[in-house]
Amino acid sequence: MAAPLTLLLIVAVTIRAVLFRSSWAELISERVEVVSPLNAWKRVVEGLALLDLGVSPYSGDVFHETPFMIYLFHFVVDYAEIVFMVSPGLVFCLSRFLTSLYLFRKQKYALESDRYPADCLELLRSPKEMFYIPLKVAMFYLLNPFTILSCVAKSTCGLNNAIIALFILCTLKGSALLSGILLALATYQSIYPLTLFAPALLFFLQRLYIPVNLRRSSFWFFTLQYAFIYVGSLVVITGLSFFLLGSWDFIPSVYGFIFSVPDLTPNIGLFWYFFAEMFEHFRLFFICVFQINVFFYTIPLSIKLKEHPVFLIFMQIAIISIFKSYPTVGDVALYMAFLPAWSHLYRFLRNIFLVSCVLLACSALFPVLWHLWIYAGSANSNFYYAITLLFNFGQILLVSDYFYAYLRREHHLTHGLYLKKKDGTEATLVLK
Amino acid sequence: MGLLSDPSRRKVLTGLLTRLNTPICIVCYLAGIVWFMGLAFEPFTLRTYMSENAMGSTMVEERFSSGERALSLAKEFDAHKRKAGGMPVEWLVKAMQSRGLEVFTQSFSRKLPFPDENKERYMVRGTNVYGILRAPRAPRTEALVITAPCSPGNTNNQAVALLLALAQYFRNQIYWAKDIIFLVNEHDLIGTQAWLEGYHHTNITGMEYSPLQGRAGSIQAALSLELSSDVITSLDLVLEGLNGQLPNLDLANLFYAFCQKLGVLCTIQGKLQRNDWDTAEGYTHAAQTMMLMVLKQACGRSWGDHGLFLRYHIEAASVRGINSFRHYKTDATTIGRLLEGMVRKLNNLLERLHQSYFFYLLPSLSRFVSIGYYMPAFGLLAVILLLRVSFPGLCHCFSVSLQPSSPGVLTVLTPVVISHLTGVALYLLPVHLQEMAVEHFPVSETEAVVLTAIAIYTAGLALPHNTQRLLSGEGTEQGWKVLKLTALLYLAVLLGCTALINFSLGFILAVTLVPITASITPHMPKALYALVMVLLSPAFTILYCVFIYQELIEAPVSVSEGWMLFLSVISQGILDHALYGSLVYPLLALFIYPCWLMFWNILFWN
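Parameters at a glance
Residue numbers run consecutively from 1 along every chain, following the written order of its sequence. Each chain takes a letter, starting from A, and each ligand takes a number, starting from 1, following the order in which they are written. It should be noted that, the model being predicted, local features are given only for residues of pLDDT at least 70 and side-chain atom pairs only at 80 or more, the latter also being counted only at that level, while totals for whole chains, interfaces and linings use all residues. Only hydrogens and water are set aside when side-chain values are computed; all heavy atoms of the structure are taken into account. Comment: elements are numbered from the N terminus, with helices defined as DSSP H or I runs of at least four residues and strands as E runs of at least two. A helix is expected to span 1.5 Å multiplied by its residue count minus one. Exposure categories follow from relative accessible area, calculated using a 1.4 Å probe and restricted to protein chains: below 20% of the type maximum is buried, above 50% is exposed, and the middle band is partly exposed. In what follows, residue pairs with any heavy atoms lying within 4.5 Å of each other are defined as contacts. Within this document, salt bridges are pairs made up of a side-chain nitrogen of Lys or Arg and a carboxyl oxygen of Asp or Glu, the two lying within 4 Å of each other. Only when DSSP finds a minimum of two bridges between them are two strands counted as paired. In this analysis, axes come from line fits to C-alpha atoms, helices being fitted only over the stretch in contact, and the angle between any two N-to-C directions falls in the range 0 to 180 degrees.

A few words on helix α11 (residues 332–347) of chain B. Over its 16 residues, α11 of chain B extends 22 Å from the first C-alpha to the last, a length consistent with the 22 Å expected when each residue adds 1.5 Å. Judged by how many residues are buried, α11 of chain B sits mostly within the fold: 15 of 16 residues are covered.

Next comes the structure, spelled out in structure tokens:
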């Protein structure tokens, strides 16, 4: 296991190193699909320059990183490439732990297989299958072209991904304190990971055998404890940022920027086109409508998946990357890294082929339509936005397909794989 | 979504697609072809109309009257050109200065990767002369360009002379709101390329040029003028630019409107318009005109000096005077008036031309087919590839190949990589190996390049046997299915992207590649299908296009002449890529050909 992982790491680092040195790096770092106004390296450099001059980095309308990020880069700016190389490496190590931990849980699952009907045994994963999952997860993340592009463009999205991955690792390891702190850090970085609070809490409750019951004091005790860790560290981090910069400038400049979407540079998300077209007086209303998408699904999903918090984390990350205001391909890569962990769902997936084709075709069409719009001048923004819509449609279809497959597997685990109708004929499951 | 989530309906749908897969594919293919041919039928096309407000509402009055003087200038220019043995730079500078323009020159030099035998040039040195007429009415932030190439021999003298006469007339008018640049460029496209790169401070093709000393605002539109006789019978409008890019349709509308107004015969692709669309001849005529446009656009080269302007987001067209044996004659004054009218209308523009279409085909000057009408023709062909992909056997392979541990992925990777390496060789070797080839074989450099390309292309056909040897053990049934799935998806994405950038190229490639790639399996009679595949390969597509083009311009060629033309087309394609950055050659060499090789591998799978 160690040998292929090392080999994989070497290959991944080599690809990135080669690309960093090639003339492509500059081209990639200009692509709107890869960098957003939030995480472009160019803007970090600008912020650093302002900081060095003793001006608040937020005084222009260019820099939108958090204060921690700028102080991190203040010290390591000369080694920026190495930082960006390390960050996916970090995710990679984590993925390894993450899945190996997950693997133990699943093994336990397998031991309990006598609880399930006999014909469901083929639905449970053998330890041998699970043995390869860390390798697959690492491969999906490290060799994913999206991650490579994002890393070569020095998009700080890679660092955010690393923080989220660390958070997931700590959660799965069962360390509530670290998990709360890292979740606060992730929230501090980009607000949206806020929704990961619910799955993390559910996971800890499940781990400590505390039933989700509003009338039980133990439930409230733990919930408050975890919420306190989370909110407390969030307050501490924000306070620290204030003391670092000596002003609250960063609040409107980072979080205001994320929420009110003033920068309408095209990207792979859904926001820019709508808000470029919209009349000014409807703007506030539609911003609420659009932003609520990210947070809204937390409630129904948490209720439906309260027994499966790890899958819920995956769903939440995917929803964040689809509906956030400035998505980049780096965000897409993060939840795609989870897909091999659900390899036992392949037999229940229905549209995976269609979705792969759509995502593949869209990835090819993004640069083509961008060229036609911006350089050739013959197409226009509608062409590009059409592809953006299709890309997001593909992602939503992918996520809902996984969701359906997960539910269906659970159904089969309890009711048997070969369902019979009352009259003895073969039955089919319909999701309504 | 209901269709996608309801299993019973899904089953019906997939069952239908599986059972009727082949008939549906055949119907789609025929429908695609018929749809495309139907585009030239007049009732299905739209009448062109002026969309741009600033150019449509008012007609200007043309008063240019110095056509005779232009003709005498042409004689003078001719004499000086002969004396200088090239472009008479000093005379031109003086002539422009005396007409009150700010005159500048730009020298450039370019060494071609290999000699261009059509135009007999290798080391190119030349000078561009341009004069700027500063706008009296507005801040000088925008400009228009009128260009006339100074060609060798006694062609195009009248164009340069008319340019000078127009400059003199324009200088005396007060209504100019945009700077007007009068450019006389040497060595046609190379000169234009040098000037444009100098103007925009870019260097994308490795040309050496001296920086421009004078500059006007951002260029809004450009007209290129080609005239070689004192009187002409008709004016031809050339629109096809680099990589099949077209200027805004309003530019063509503008030309057409002024031709109508001044009673000048105008043609497109050298074909006059006919009014009898309901007769067979009328339809054939329109179809021929459209086919010519498709072929010209597909080859991705610039068909006049205007073609290079399009890359810089400048709407441009070439106006070419034709002198045939018709009795109807137009003199230089009328052409001058036509240009005056067009430039004045362009001068009225408040913003860049963007109102009208950028994606269109023209069956005649007054009728056009927009992207919404012609894309379905391509879509019907592309959907065949997707239908074949969704073929259930293949679909199943996909889910199998998702597991990286299965052998499917590795067996597929080898042919894919080898095909692409062949493509890279086809792209790089011909130009880089020419010296070696010239040393060892009795050929010229140009022949060496073309023949090396053909040799590598042919050598690629022998690949399957070598690929198979590299594979461990027998190729499995699963293996070729996965390969076919990959290749079909690859081809679909490739053709889709191509068709968006250059519809004609994408459509022509789809017409020849789709039928064979959709039906290929290793279980077919090898010899017969190998022959069919070779006959439908990209190189043969180019050969057919050469013959069809010659047939359409009413200059049919014999087989051997056609072959020579084919060779020169290949060398021109490689040159266009090196000189101007045309993308057709790299597209064919690096993507289409390797993709075709993947299907060739499937045929010889064992």
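Here the focus is the environment of Cys-362 of chain A. Residues and elements named next belong to chain A. Structurally, Cys-362 is set in helix α19 (residues 352–376). Taking the C-alpha atoms as reference points, Cys-362 and Val-34, 328 residues apart in sequence, are found 14 Å from one another. Beyond its immediate chain neighbours, meaning those up to four positions away, Cys-362 contacts Ile-387, Leu-390 and Phe-391.

What follows deals with the environment of Leu-242 of chain B. Residue and element names in this part refer to chain B. You can see Leu-242 is positioned in the loop between β8 (234–238) and α9 (249–262). As for Leu-242 and Asp-230, which are separated by twelve residues in sequence, their C-alpha atoms are 30 Å apart. The residues touching Leu-242, leaving out its near neighbours within four places in the chain, are Gly-300, Arg-301, Ser-302, Gly-307, Leu-308, Arg-311, Tyr-580, Gly-581 and Ser-582.

Residue and element names in this part refer to chain B. Scanning the model with the defined rule gives 18 salt bridges over all chains in all. Residue Arg-134 is joined to Glu-102 by a salt bridge in which the shortest nitrogen-to-oxygen separation is 3.0 Å. Of the two residues, Arg-134 sits in the loop between β3 (121–133) and β4 (142–150) while Glu-102 sits in strand β2 (residues 102–116), which places them 32 residues apart along the sequence. Residues Asp-179 and Arg-134 are paired through a salt bridge, measuring 3.2 Å at the closest nitrogen-oxygen approach. Pair noted here: Asp-179 is in strand β5 (residues 179–186) and Arg-134 is in the loop between β3 and β4, with a separation of 45 residues, a long-range link. Where salt bridges share partners, they join Glu-102, Arg-134 and Asp-179 into one cluster.

The next point concerns the side chain of Gln-189 of chain A. All names here are of chain A. With respect to the helices and strands, the residue Gln-189 is situated in helix α10 (residues 176–190). The class for Gln-189 is buried, based on a relative accessible area of 8%. The contact partners of Gln-189, leaving out residues within four places of it in the chain, are Thr-66, Met-69, Asn-160 and Ile-163.

Through backbone hydrogen bonds, the strands of a sheet pair up, either in parallel or in antiparallel fashion. Residue and element names in this part refer to chain B. Judged by pairing direction, the sheet is antiparallel, and its three strands sit side by side in the order β1-β12-β11 without closing on themselves. The open sheet has two edge strands with one neighbour each: β1 (46–47) and β11 (360–364). Sheet analysis places β1 next to strand β12 (residues 367–370), joined by two bridges and oriented antiparallel. Paired with Arg-47 across the bridge in β12 is Arg-367. Packed on one face of the sheet, helix α12 (residues 371–389) meets β1, β11 and β12 and runs near 55 degrees to β12.

Attention now goes to the pairing of β11 of chain B. All names here are of chain B. β11 sits mainly inside the fold: five of its five residues count as buried. Pairing analysis gives three bridges linking β11 to β12, with the strands arranged antiparallel. Directly across from Leu-361, in β12, lies its bridge partner Val-369. Adjacent in sequence and paired antiparallel, β11 and β12 are bridged by two residues.

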